[in-house]
Amino acid sequence: MAVIGGIIGGGIYRTPAAVAERVGSPRLALAAWVVGGVIALVGAFCFGELGRCVTAAGGGYVYLRETWGPLPAFLYGWALLLVIATGAIAAVAVTFANYALALAGLSPGLTVPVAIGAIALLSGINYVGVKPAAVTQNVFTILKLAALAALIVAGLVLAVPSTVLHHPPPPATDRGGVVGVVVALGAALVPILFTYGGWQQTNFIAEEIIEPERNLPRALVLGVAGVVIVYLLANVAYLRVLGLGGLARSTAPAADVMRALLGPAGGTLIAAGITASTFGFLNLVILVTPRVLQAMAADGVFLPRLAVLHPRFRTPALAILVQAGWATVLTLSGTFAQLVDYVAFGDWIFFGLTVAGLFIYRAREAGGPGGPGGAGRAFRVPGYPWTPGLFVLAALYVVASSILANPRNALIGAGLLALGVPVYLLAARYSGRGVV
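These numbers were taken from a predicted model, which means no experiment stands behind them.

Calculation rules
- Residue indices begin from 1 for each chain and proceed along its sequence in written order.
- Whole-chain, interface and lining totals are the exception, using all residues; otherwise, since this is a predicted model, local features are given only for residues with pLDDT of at least 70 and side-chain atom pairs are given and counted only at 80 or more.
- Side-chain figures throughout are based on the complete set of non-hydrogen atoms in the structure, without hydrogens or water.
- The secondary structure listing takes helices from DSSP runs of H or I that are at least 4 residues long and strands from runs of E that are at least 2 residues long, numbered from the N terminus.
- For a compact globule the rule gives 2.2 Å times the number of residues to the power 0.38, and the radius of gyration it is set against comes from C-alpha atoms.
- Exposure classes here rest on a 1.4 Å probe applied to the protein chains alone. A residue is buried below 20% of its type maximum, exposed above 50%, and partly exposed in between.
- In short, Shrake-Rupley with a 1.4 Å probe defines the accessible areas, and a residue's cover is counted only from the protein chains shown.
- By the counting rule applied here, Lys and Arg register as positive and Asp and Glu as negative, while His and the ends of each chain are not counted.
- Charged side chains are reduced to one point each, which is NZ for Lys, CZ for Arg, CG for Asp and CD for Glu.
- Each salt bridge in this description consists of a side-chain nitrogen of Lys or Arg and a carboxyl oxygen of Asp or Glu lying within 4 Å of one another.
- Only buried Ala, Val, Leu, Ile, Met, Phe, Trp, Tyr and Cys residues count toward a nonpolar core, and they belong to the same one when joined by side-chain atoms within 4.5 Å.
- In this analysis, rings of Phe, Tyr and Trp, with Trp reduced to its six-membered ring, are considered paired at centre separations within 6.5 Å, and the interplanar angle assigns stacked below 30 degrees, edge-to-face beyond 60, and tilted for intermediate values.
- As a rule, the C-alpha atoms of each element are fitted with a line to give its axis, helices using only the stretch in contact, and angles between N-to-C directions run from 0 to 180 degrees.
- Note: crossing handedness is left-handed where the near helix turns anticlockwise from the far helix by less than a right angle, and right-handed where it turns clockwise.
- For this analysis, residues touch if any pair of their heavy atoms sits within 4.5 Å.
- Residues are grouped as follows: Ala, Val, Leu, Ile, Met, Phe, Trp, Tyr, Cys and Pro are nonpolar; Asp, Glu, Lys and Arg are charged; all remaining types, including Gly, are polar.
- Distance and chemistry together define a polar contact, namely a pair of N or O atoms within 3.5 Å, with one atom able to donate a hydrogen and the other to accept it when in protein, and with adjacent residues in sequence counting only for side-chain atoms on both sides.
- A residue counts toward a patch only above 30% relative accessible area and without a salt bridge, and it is joined to like-charged neighbours within 9 Å or, for Val, Leu, Ile, Met, Phe, Trp and Tyr, to nonpolar neighbours within 5 Å.
- Oblique is the label for every angle not falling under 35 degrees (roughly parallel), over 145 degrees (roughly antiparallel), or within 65 to 115 degrees (roughly perpendicular).
- Note: pLDDT gives the predictor's confidence per residue, expressed from 0 to 100.

For the rest of this paragraph, the subject is the overall build of the protein. Scanning the protein for helices and strands turns up 16 helices and 0 strands. The globule rule puts the C-alpha radius of gyration for 436 residues at 22 Å, and the 22 Å found for the protein is close to it. Viewed in the frame of its principal axes, the protein has a C-alpha envelope of about 70 × 50 × 45 Å. The 436 residues of the protein split such that 55% are buried. Of the roughly 17,700 Å² of accessible surface on the protein, 71% is carried by carbon and sulfur atoms. Looking at the protein, you have 24 positive and 13 negative side-chain charges, and the mean spots of the two groups are 3 Å apart.

Structural data, given as structure tokens:
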């Protein structure tokens, strides 16, 4: 549930339109989603083995620290707190508030208070324990899957029979041979990979998972595989109902499909689904990210009190409050969307570095029994070293595409990441551990 909830947010309700516009062919659109799903599944396999190597809380932060050193690991945590996680919390909370208010027939002027209320409510649930947070996650993941199931069933069963997927694209969308197809597919993969992202967040809570060596890899692989199937079926439904051109022009394809098939009631149904989807995603981010701050504090490179667990609830209580406070500030300021745009490329830098660290773990393992996880661990990435190498190349491609698409945003984002360097130096000196 955590893996699925970490992936399915609002992206699948918007991204397919951008993909259809870029590829110009129904078959190529579906192929792009398949390729993106394969890359996401490869990433899940890699993070599954990493989760077997180190079961401590912190996920990517811990893996980066163990392989590339404390500074890259700190910059990852710094980016999560400064923008990536807290900006996502603010953005998703506002999206949730917009849909919730529309469903309730209330004024859009209440958007910010409702968004902040959602952040406060879910932070409170996570403050009092992992179990209530997990129950909340499970309930809303089921609801979001039910909404997508309704969309898929309606699109596959009720769609007009004459709308088929194998019609050739019109001449205007001809991509000019093999090179054109490769370019179009590459352009489509950028939003697709972002839509598939989020599965890695489950590794943040590895320490609080029962038998993480066995259950974490299983959850990652099964969860990502399930989402790939759901996303493919959702895209088939979009294409059957709207056609390629209609999907490419749509600003809200899920709502357009449901209204076309079920009338206003369909639009209301999918709006309720998006509300549940965003609320569940919001809970997942609030659940997992404080574990990174906790790990950083325990290493002496961040505020020491963030490492302390609540004496009764056994949660990183202060880290949850700090995260909620900064996310609230971003929500009130209205700057979260721009900040997320600035550092989105940085997320994939850390993705690539984290998976590349798997090569370091394997080298240590080959050097003797002292390597993390030992030689006998059960879960190993199939197709090694080609599979992690493929994922690293995909991450490099996303980073390069993001920089080329908007160099100014990338430069500002690099500056925001660089602000973490003096913070790290001060924290390391204050803690007495020095700079490593």
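Attention shifts here to the pattern of salt bridges. Counted according to the given criterion, the structure contains 6 salt bridges. Where Arg259 meets Asp256, a salt bridge forms, and the shortest distance between an N and an O atom there is 3.8 Å. Placement of both Arg259 and Asp256 in helix H10 (residues 253-262) is noted, with a separation of 3 residues, approximately one turn of the helix. Measuring nitrogen to oxygen at the nearest pair gives 2.9 Å for the salt bridge that ties Arg380 to Glu365.

Let us look at the nonpolar core. Inside soluble globular proteins, nonpolar side chains tend to come together where they are buried. Membership of the largest hydrophobic core comes to 131 residues, with the highest contact counts inside it found for Tyr13, Tyr61, Leu151, Trp199 and Tyr231. Considering each element in turn, this core owes the most residues, 20 residues, to helix H5 (residues 70-104).

Applying the stated criterion across every chain yields a total of 22 aromatic pairs. A centroid spacing of 5.7 Å and a plane angle of 65° characterise the contact between Trp33 and Tyr196, whose relative ring orientation is edge-to-face. Placement of the pair is Trp33 in helix H3 (residues 26-53) and Tyr196 in helix H8 (residues 177-196), with a sequence separation of 163 residues. A ring pair is formed by Phe359 and Tyr384, whose centres lie 5.5 Å apart and whose planes are at 40°; its orientation type is tilted. Placement of the pair is Phe359 in helix H13 (residues 336-367) and Tyr384 in the loop between H13 and helix H14 (386-405), with a sequence separation of 25 residues. Clustering of aromatic rings is evident, with ring pairs tying together Phe47, Tyr63, Phe194, Trp199, Trp348, Phe351 and Phe391.

Attention now moves to the packing of H5 against helix H12 (residues 317-333). Helix-helix packing: each pair is described by the crossing angle between the helix axes and the interaxial distance. Two numbers describe how H5 lies on H12: the axes approach to 8 Å, and their chain directions differ by 65°. Pair H5 / H12 crosses with right-handed handedness. For the pair formed by H5 and H12, the contact residues are Leu81, Leu82, Thr86, Gly87, Ile89, Ala90 and Val94 on the first element and Val322, Gln323, Trp326, Ala327, Leu330 and Thr331 on the second. For the contact of H5 with H12, a count of residues per class yields 9 nonpolar, 4 polar and no charged.

Residue placement: Asp347 occurs in helix H13. Along the chain, Asp347 and Gly325 lie 22 residues apart, while their C-alpha atoms are 22 Å from each other. If sequence neighbours within four positions are ignored, Asp347 has contacts with Tyr76 and Ile84.

On to the side chain of Arg362. Within the secondary structure, Arg362 sits in helix H13. The buried category is assigned to Arg362, whose relative accessible area is 12%. Only 2.7 Å separates the side chain of Arg362 from the side chain of Glu49, close enough to count as a polar contact.

The next point concerns a nonpolar patch on the surface. A surface patch of nonpolar side chains, about 680 Å² in accessible area, is lined by Val153, Leu156, Val157, Leu158, Ile229, Leu233, Leu262 and Leu269. Among the secondary structure elements, those contributing two or more residues to the nonpolar patch are helix H7 (130-157) and helix H9 (212-249). For the nonpolar patch, the element with the highest residue contribution is H7, accounting for 3 residues. Locating Leu233 in the fold gives a position in helix H9. For Leu233, a relative accessible area of 34% gives the class partly exposed.

In the contact formed by helix H4 (residues 60-68) and H5, the axes pass within 7 Å of each other and the chain directions differ by 160°. The pairing of H4 with H5 is recorded here as roughly antiparallel in orientation. Read as a crossing pair, H4 and H5 show a hand that is right-handed. Every residue of H5 that contacts H4 at Gly60, Tyr61, Leu64, Arg65 and Trp68 is listed here: Pro70, Pro72, Ala73, Phe74 and Tyr76. Its residues assigned to classes, the contact of H4 with H5 comprises 8 nonpolar, 1 polar and 1 charged.

Moving on to unusual backbone geometry. Looking along the chain, the bond that leaves Tyr384 and enters Pro385 is cis, with omega of 5°. Tracing the sequence through the fold places Pro385 in the loop between H13 and H14. At Arg314, a position not held by glycine, the phi torsion is positive, near 60°. Note on placement: Arg314 falls in the loop between helix H11 (264-298) and H12.

This prediction gives the protein a mean pLDDT of 85; 92% of its residues lie at or above 70. Ranking the elements of the protein by mean pLDDT puts H8 last with 79 and helix H6 (residues 111-127) first with 95. Low pLDDT, under 50, characterises residues 162-174; the predicted model gives this stretch 15 contacts beyond four residues in sequence or across chains. Counting interchain partners and residues more than four positions distant, the pLDDT-below-50 stretch residues 370-377 has 15 contacts.

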